[in-house]
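The chain contents come next:
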Amino acid sequence: MEVIITDTVDEIGRLGAEAVAQLVSRKPDAVLGLATGSSPVSLYDDLARRVSAGEISLRACSGFTLDEYVGLPPEHPQRYRMVIEQDFVSKVDIPSESVHAPDGLAADIPAACADYERMIRDAGGVDLQILGIGSDGHIAFNEPGSSLASRTRIKTLTSQTRRDNARFFDGDLDAVPSQSLTQGIGTIMEARHLVMVANGAGKAEAIRNAVEGPVSAVCPGSALQLHPHVTVIIDEPAAALLQFQDYYREAWAAKPHWQGS
Ligand code: GLP
């Protein structure tokens, strides 16, 4: 696992976007795994800048969101398919119809989850998965206690996650759905490269548990320790509780140029 500690959120975005840009330069039709939430916004903005500058094109790429709330109407601004449209798709040149999300309004939820797994498989699997992390260590909506081998399924949100996410619903906790459809940890682990971004002191404990804690369903993010290609890009406050932060800085400073993302 590579841990990169940066000074600013913009730098997190730049380094995350650099990993996507390197991928797309060698594989123009890459399959991108797309996280919602505030953490990846600077990464999406940096990709938008690169697309506008003509440095890269995402026209041949496709995308899959990690998760979706259950029950939000199609036009709801917090439906994750809408959020990703606003935060990413509308800013770059990826065709909207190439970006998919689980169907949070499906009448047959197990079938919708199986369909989503099939769509990812049919696309050839995710090349690069962008991830945030919840303050309780969740990835996508895999809350603590989620099976580390789980597949796309319905998941009930913890009260902490609902409280954290109430800020996106004008602070109205009752408006935050209590369930989601989420890629499982087993699904996420099949992506070829995982890029986790996090910032702020509120993520310090989750980052410590994910990067240096025991691999345990108590912290779903800790499953990343079992993946052969993970890049964690964080700012100083999010890194504050890491035991080996000096080593991560030294390794990053000494990284051979040819190694790439
Ligand atoms: C949400 C999403 C996750 C996201 C996490 C952190 O609940 N389902 O994919 O990583 O919370 O969000 P944020 O980046 O806004 O802190």
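Residues numbered from 1 in each chain as written. Predicted model: local features only at pLDDT ≥ 70, side-chain atom pairs only at ≥ 80, totals over all residues. Heavy atoms only, no water.

Undergrad: Just checking my understanding: could you explain the sheet that holds strand 8 (residues 179-182) for this structure?
TA: Hydrogen bonding along the main chain pairs the strands of a sheet, whether they run parallel or antiparallel. The 3 strands are arranged 4-8-7 in an open sheet whose pairing can be described as antiparallel. Bordering the open sheet on either side are strand 4 (67-69) and strand 7 (153-156), each of which pairs with just one other strand. Each strand of the sheet is rotated relative to its neighbour by a mean of 30°, with strand direction disregarded. Direction of pairing for strand 4 relative to strand 8: antiparallel, over a ladder of 3 bridges. Each bridged residue has a counterpart across the sheet, and for E68 the counterpart in strand 8 is L181. (Pairing = 2+ DSSP bridges. Helix = DSSP H or I, 4+ residues; strand = E, 2+ residues; numbered from the N terminus. Axes fitted to C-alpha atoms, helices over the stretch in contact; angles between N-to-C directions.)

Undergrad: Which parts of the structure should I look at to understand the site of the ligand?
TA: Around the ligand there are 15 residues in total, and S38, S39, D67, R167 and K203 lie nearest to it. In the environment of the ligand, an oxygen atom lies 3.1 Å from a nitrogen or oxygen atom belonging to the side chain of H138. At 2.6 Å from an oxygen atom of the ligand is found a side-chain nitrogen or oxygen belonging to K203. Summarising the interface, the protein chains cover 96% of the accessible area of the ligand, which totals 390 Å² for the free molecule. Among the cavities detected, the one that contains the ligand is the largest pocket. Looking at the shell around the ligand residue by residue, the class counts come to 5 nonpolar, 7 polar and 3 charged. (Near = heavy atom within 4 Å. Polar contact = N/O pair within 3.5 Å; in protein donor to acceptor, adjacent residues only side chain to side chain. Areas by Shrake-Rupley, 256 points an atom, 1.4 Å probe, with all protein chains shown as cover. 1 Å grid on protein atoms, 1.4 Å probe; cavity = no way out; pocket = protein on both sides within 12 Å on 5 of 7 lines; lining within 4 Å. Sits in = over half its atoms within 2 Å of the grid points. Nonpolar A, V, L, I, M, F, W, Y, C, P; charged D, E, K, R; others polar.)

Undergrad: What am I meant to see in the pattern of salt bridges here?
TA: A side chain of one charge can pair with a side chain of the opposite charge when the charged atoms of the two come close. With the rule as written, the count across this model stands at 16 salt bridges. The salt bridge involving D46 is made with R49; its shortest N-O contact spans 3.3 Å. Placement of the pair is D46 and R49 together in helix 2 (residues 41-52), with a separation of 3 residues, close to one helical turn. A relative accessible area of 42% places R49 in the partly exposed class. We note a salt bridge from D46 to R50, for which the minimum N-O separation is 2.7 Å. Here R50 and D46 lie together in helix 2, a separation of 4 residues that amounts to about one turn. The class for D46 is buried, based on a relative accessible area of 10%. (Salt bridge = Lys/Arg side-chain N within 4 Å of Asp/Glu carboxyl O. Buried < 20%, exposed > 50% of the residue type's maximum accessible area, 1.4 Å probe, protein only.)

Undergrad: What's the story with the packing of aromatic side chains in this structure? I'm lost.
TA: Two measures describe an aromatic ring pair: the distance that separates the ring centres and the angle between the ring planes. Enumeration according to the criterion identifies 7 aromatic pairs in this entry. Ring plane angle 45° and centroid distance 4.8 Å describe the contact between Y69 and Y80, whose orientation is recorded as tilted. With a gap of 11 residues between them, Y69 in strand 4 and Y80 in helix 3 (residues 80-87) connect regions that are remote in the sequence. By relative accessible area, Y80 is classed as buried at 7%. Here Y80 and F141 contribute two aromatic rings whose centre-to-centre distance is 5.8 Å and whose plane-to-plane angle is 10°, an arrangement assigned as stacked. Highlighted residues: Y80 in helix 3 and F141 in the loop between strand 6 (128-131) and strand 7, separated in sequence by 61 residues. Taking relative accessible area as the criterion, F141 reaches 2% and is therefore assigned buried. Through pairs of rings, three or more aromatic residues link up here, namely Y69, Y80, F141 and F169. (Phe/Tyr/Trp six-rings, centres within 6.5 Å; stacked < 30°, edge-to-face > 60°.)

Undergrad: Teacher, can you tell me more about the environment of V176 here?
TA: Structurally, V176 can be placed in the loop between helix 5 (159-165) and strand 8. Here V176 falls in the buried class, since its relative accessible area comes to 3%. Taking C-alpha positions, V176 is 9.3 Å from Q78, a pair spaced 98 residues apart along the chain.

Undergrad: Is there a simple way to explain the layout of surface pockets in this structure?
TA: Take a probe with the size of a water molecule and roll it over the atoms, and the empty space left behind shows itself. Considering only enclosed or pocket space, the largest pocket measures out at about 390 Å³ in volume. As for the largest pocket, its lining consists of 24 residues, and the residues nearest its centre are G37, I133, G134, H138 and K203. The element contributing the most residues to the lining of the largest pocket is helix 5, with 3 residues. Considered class by class, the residues forming the lining of the largest pocket number 9 nonpolar, 11 polar and 4 charged. (Points joined across faces, edges and corners; volume = space filled by probe spheres on them.)

Undergrad: What is the right way to read the pairing of strand 10 (residues 230-235) from this model?
TA: Walk down a regular strand and you will see the side chains alternate between the two sheet faces. Counting buried residues along strand 10, 6 of its 6 residues qualify, which places the element largely inside the surrounding structure. A two-sided burial pattern is seen for strand 10, the buried positions comprising V230, V232 and I234 on one face and T231, I233 and D235 on the other. The sheet contact formed by strand 1 (residues 2-6) and strand 10 spans 5 bridges and is parallel. Pairing of V3 across the sheet is with V232, part of strand 10.

Undergrad: Can you help me understand the pairing of strand 2 (residues 31-34) in this one?
TA: With burial as the criterion, each face of strand 2 is covered, one bearing V31 and G33 and the other bearing L32 and L34. A crossover links strand 2 with its parallel partner strand 3 (residues 62-65), the connecting element being helix 2, and its sense is right-handed. Bridge count between strand 2 and strand 6: 2 bridges; the pairing is parallel. Across the sheet, residue G33 finds its bridge partner in strand 6, namely Q129. (Right-handed = clockwise from strand over helix to strand, strands pointing away.)

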